[in-house]
Amino acid sequence: MKEMPLTVKRSIELLGLSLCIAIFAIASDIIMPVIMAFFISILLLPVYRFLRKYKFPEALAIILPILMVFIFIAGIIWFFSAQIGILVNDFPQIKENVAKHLQSLQQWISGFTDFSIAKQKQFITEKSDDLLNMAGKAASGAALTLSGVFVFLGLIPIYVYLILFYKDILLRFAFMWFKVEDHAKVKEAVYESESIIKNYLVGLLIQITYMTVFLGGILMLFGIKHALLIGVIFAILNLIPYVGALIGNILGVLITLSSSTELSPVITVLLVIAVVQFFDNNILMPRIVGSKVKINALVSILGVVIGGTIAGISGMFISMPLIAVLKVIFDRSEAFKHWGILFGDERPAKSPMSFAIYRKKGPVKTKSGTIAKK
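The structure displayed is predicted, hence computed values, not measured ones.

Asker: Sorry if this is basic, but what is going on with the overall build of the chain here?
Answerer: When you go through the chain residue by residue, the secondary structure sums to 13 helices and 2 strands. The buried share among the 374 residues of the chain stands at 31%. The contacts in the chain between residues at least 6 apart in sequence include a share of 62% that link residues at least 24 apart. Carbon and sulfur atoms make up 72% of the accessible area of the chain, which totals about 23,900 Å².

Asker: How should the nonpolar core be read in this particular structure?
Answerer: The nonpolar side chains of a soluble globular protein tend to be buried with one another. With 43 residues, the main nonpolar core has Leu215 and Leu219 as its most contacted residues. No other element matches the 9 residues that helix α8 (residues 183-221) contributes to this core. Listed in part, the 12 residues of the second largest apolar core include Leu45, Ile62, Ile163 and Leu164.

Asker: I keep staring at the side chain of Glu194 and nothing clicks. Help me out?
Answerer: Its place among the elements puts Glu194 in helix α8. Within the structure, the side chain of Glu194 is placed 3.0 Å from the side chain of Arg49, a separation counted as a polar contact. If we skip the residues at most four places from it in the chain, Glu194 touches Ile42, Leu45 and Arg49.

Asker: Would you take a moment to explain the packing of aromatic side chains for this structure?
Answerer: For any two aromatic rings, the description comes down to two numbers: the centre-to-centre distance and the angle of the planes. Taken as a whole and assessed by the stated rule, the structure comprises 8 aromatic pairs. Measuring from centroid to centroid gives 5.0 Å for Phe50 and Tyr54, while their planes differ by 55°, and the two rings are tilted. Pairwise contacts between aromatic rings join Tyr161, Phe165 and Tyr166 into one cluster.

Asker: Sorry if this is basic, but what is going on with unusual backbone geometry here?
Answerer: The phi angle of most residues is negative, glycine excepted, and most peptide bonds adopt the trans form. In this structure, Lys55 is a non-glycine residue whose phi angle is positive, near 65°. Its place among the elements puts Lys55 in the loop between α2 (28-53) and α3 (58-89).

Asker: Quick question: what am I supposed to make of the pattern of salt bridges here?
Answerer: Side chains carrying opposite charge are able to pair once their charged atoms draw close together. This model, assessed by the stated rule, comprises 4 salt bridges. Between Arg10 and Glu13 there is a salt bridge, with its nearest N and O atoms 2.8 Å apart. Here Arg10 pairs with Glu13, and both are found in helix α1 (residues 6-26), just 3 residues apart, close to one helical turn. Here Lys327 makes a salt bridge to Asp331, at a shortest N to O gap of 3.1 Å. On the criterion of helical spacing, the pair formed by Lys327 and Asp331 is a turn pair, its members being 4 residues apart in helix α12 (residues 297-331). With relative accessibility at 29%, the residue Asp331 sits in the partly exposed group. Connected through shared salt-bridge partners, Arg49, Glu194 and Lys198 make up one network.

Asker: What should I look at first to understand the packing of α1 against α2 in this one?
Answerer: For any two helices packed against each other, the geometry comes down to the angle between their axes and how far apart the axes lie. One way to put it is that α1 packs onto α2 with a least axis distance of 5 Å and a crossing angle of 95°. Between α1 and α2, the angle is such that the two are roughly perpendicular. Note on element contacts: α2 touches α1 through Ser28, Ile31 and Ile35, opposite Ile23, Phe24, Ala25 and Ile26.

Asker: Help me understand a nonpolar patch on the surface in this model?
Answerer: Together, Leu14, Leu17, Ile21, Leu298, Leu302 and Ile306 make up an exposed nonpolar region whose accessible area comes to about 540 Å². For the nonpolar patch, the secondary-structure elements that each account for two or more residues are α1 and α12.

Asker: Any chance you could explain the layout of surface pockets here in plain terms?
Answerer: Take a probe with the size of a water molecule and roll it over the atoms, and the empty space left behind shows itself. One number sums up the size of the second largest pocket: a volume of about 1,700 Å³. What lines the second largest pocket is a set of 41 residues, among which Met36, Ile40, Ile73, Ile76 and Phe317 lie closest to the centre. Contributing elements (two or more residues each) for the lining of the second largest pocket: α2, α3, α6 (142-165), α8, α9 (227-237) and α12. In terms of residues, the lining of the second largest pocket owes the most to one element, α3, which gives 10 residues. Within the lining of the second largest pocket, the residues separate by chemical class into 40 nonpolar, 1 polar and no charged.

Asker: I keep staring at the packing of α3 against α9 and nothing clicks. Help me out?
Answerer: Axis separation between α3 and α9 bottoms out at 9 Å; the angle between their running directions is 135°. When the axes of α3 and α9 are compared, the pair comes out oblique. Crossing of α3 over α9 shows left-handed handedness. Where α3 abuts α9, its residues Phe79, Phe80, Gln83, Ile84 and Leu87 lie against Leu228, Leu229, Val232 and Ile233. For the contact of α3 with α9, the per-class residue count stands at 8 nonpolar, 1 polar and no charged.

Asker: Which parts of the structure should I look at to understand the environment of Gly344?
Answerer: Within the secondary structure, Gly344 is located in the loop between α13 (337-343) and β1 (346-348). In contact with Gly344, not counting residues within four places along its chain, are Lys294, Asn296 and Lys327.

Asker: Honestly, the confidence of the model for the chain in this entry has me stumped. Any pointers?
Answerer: Low-pLDDT stretches of the model should not have their predicted coordinates read in fine detail. On average, residues of the chain carry a pLDDT of 76, and 72% of them reach 70 or more. When pLDDT is averaged over each helix and strand of the chain, the minimum, 55, is found for helix α5 (residues 117-140) and the maximum, 89, for helix α7 (residues 167-176). Note that pLDDT drops below 50 for residues 138-144; the model gives that stretch 0 contacts with residues more than four away or on any other chain.

How each quantity is defined
Per chain, residue numbering runs from 1 following the sequence as it is written. Residues qualify for local features only when their pLDDT is at least 70, as the model is predicted, and side-chain atom pairs are given and counted only at 80 or more; totals for whole chains, interfaces and linings, by contrast, use all residues. With hydrogens and water set aside, each side-chain value is computed from the structure's full complement of heavy atoms. For helices the rule is a DSSP run of H or I covering at least 4 residues; for strands it is a run of E covering at least 2, with both sets numbered from the N terminus onward. Residue exposure (1.4 Å probe, protein chains only): buried if accessible area is under 20% of the type maximum, exposed if over 50%, otherwise partly exposed. By definition, residues are in contact when any of their heavy atoms lie within 4.5 Å. Surface accessibility in these figures is a Shrake-Rupley result with a 1.4 Å probe; residues are shielded only by whichever protein chains are displayed. We define the nonpolar core as a collection of buried residues of types Ala, Val, Leu, Ile, Met, Phe, Trp, Tyr and Cys that are connected through side-chain atoms lying within 4.5 Å of one another. As used in this structure description, the phrase polar contact means that two N or O atoms lie within 3.5 Å; if the pair is within protein, one of them must be able to donate a hydrogen and the other to accept it, and residues adjacent in sequence are counted only when both atoms belong to side chains. Between the rings of Phe, Tyr and Trp (Trp by its six-membered ring), a pair exists once the centres lie within 6.5 Å; its type follows the angle of the planes, with under 30 degrees stacked, over 60 edge-to-face, and the other angles tilted. We count a salt bridge whenever a side-chain nitrogen from Lys or Arg sits within 4 Å of a carboxyl oxygen from Asp or Glu. Here an axis means a line fitted to C-alpha atoms, over the contact stretch when the element is a helix, while the angle between two N-to-C directions is reported on a 0 to 180 degree scale. Put simply, angles under 35 degrees are roughly parallel, angles over 145 are roughly antiparallel, angles from 65 to 115 are roughly perpendicular, and the rest are oblique. Patches in this entry comprise residues that are over 30% relatively accessible and not in a salt bridge; like charges within 9 Å are linked, as are nonpolar side chains (Val, Leu, Ile, Met, Phe, Trp, Tyr) within 5 Å. Only protein atoms enter the 1 Å grid used here, on which a cavity is any set of points holding a 1.4 Å probe that cannot leave and a pocket is any open set flanked by protein within 12 Å on both sides along at least five of seven lines; residues with an atom within 4 Å of a point are listed as lining. Grid points are joined across faces, edges and corners, and a volume is the space filled by probe spheres set on the points. Only Asp, Glu, Lys and Arg are considered charged, only Ala, Val, Leu, Ile, Met, Phe, Trp, Tyr, Cys and Pro nonpolar, and every remaining residue, Gly among them, polar. For any helix crossing, the convention is left-handed if the near helix is rotated counterclockwise from the far helix by under a right angle, and right-handed if that rotation is clockwise. What pLDDT expresses is the predictor's confidence in each residue, scored from 0 to 100.

Here it is, written out as structure tokens:
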């Protein structure tokens, strides 16, 4: 590669990047379960090592952590379904409240436009029919989608078991991929990647718990209906960087509007979410995750968008740890160090246009690239 012209090197890099994205897009149904299983395997590795330390059989030391994960997921599903059941029981009251909100909105629109209430009702009826037709078409493929979900969830525990069982083979393959003189860097990258993934995933689990308890508990104190449901929905969506918090706010407002005819509960929900999220972003989460790898906001958003486009919600969730691992690898590779700089949030202390030292790959003085929160 060193003998190649620079333009050829960069062209090969961009071609490889495009090829990787294309492979992910085409084979996402195959690749995504493997990646998620890999991340879960890293999360379960300390439990596996602990059990092996006390002479548990290897198969049992792998199966027990997997069962723990399934019990945890089953608990989340039970809690979420219970909250949905409470919401369904209030459906008659929700229907009445929504009708009142629509009537108020129609009067407000007709007050400053020529769009009369009759025309608005006709428009809503037409669009409702369109939505029902779209729902019917979507339902026709529901069986296929549901079967895909069961296959996805069925493959993950198998992959987790096999990754933990054959981890030494995978590690040997990783070392043999590189030159002997680079093995020290490979070992360092493996340890740091393991630490990043564990910190990130454990941090997310803790975040879901305290966000649900804090947000749901505070909303309950203010007498907001379906407070725990709002808390758990926001906690889960907040795992998606930047985009999830916005969607969580919108859903929180919609649930509150459907259970009340006044605007004061909506303002309360928005204020409580803002306060809890401020503490989460600035105090709690940085101390819980404690990752040494910082990803800039531009790459984070692009990663979430690309991950969502390629693999849906699961792609959004794993985009951040995947980018963090790639940055660890790029930072330790002389050939790809510039990609590590692109992913990071440490800006050069001075403009590379004016100071030649900031155009090179060597260590330079930097400053935080974090966007100031106003």
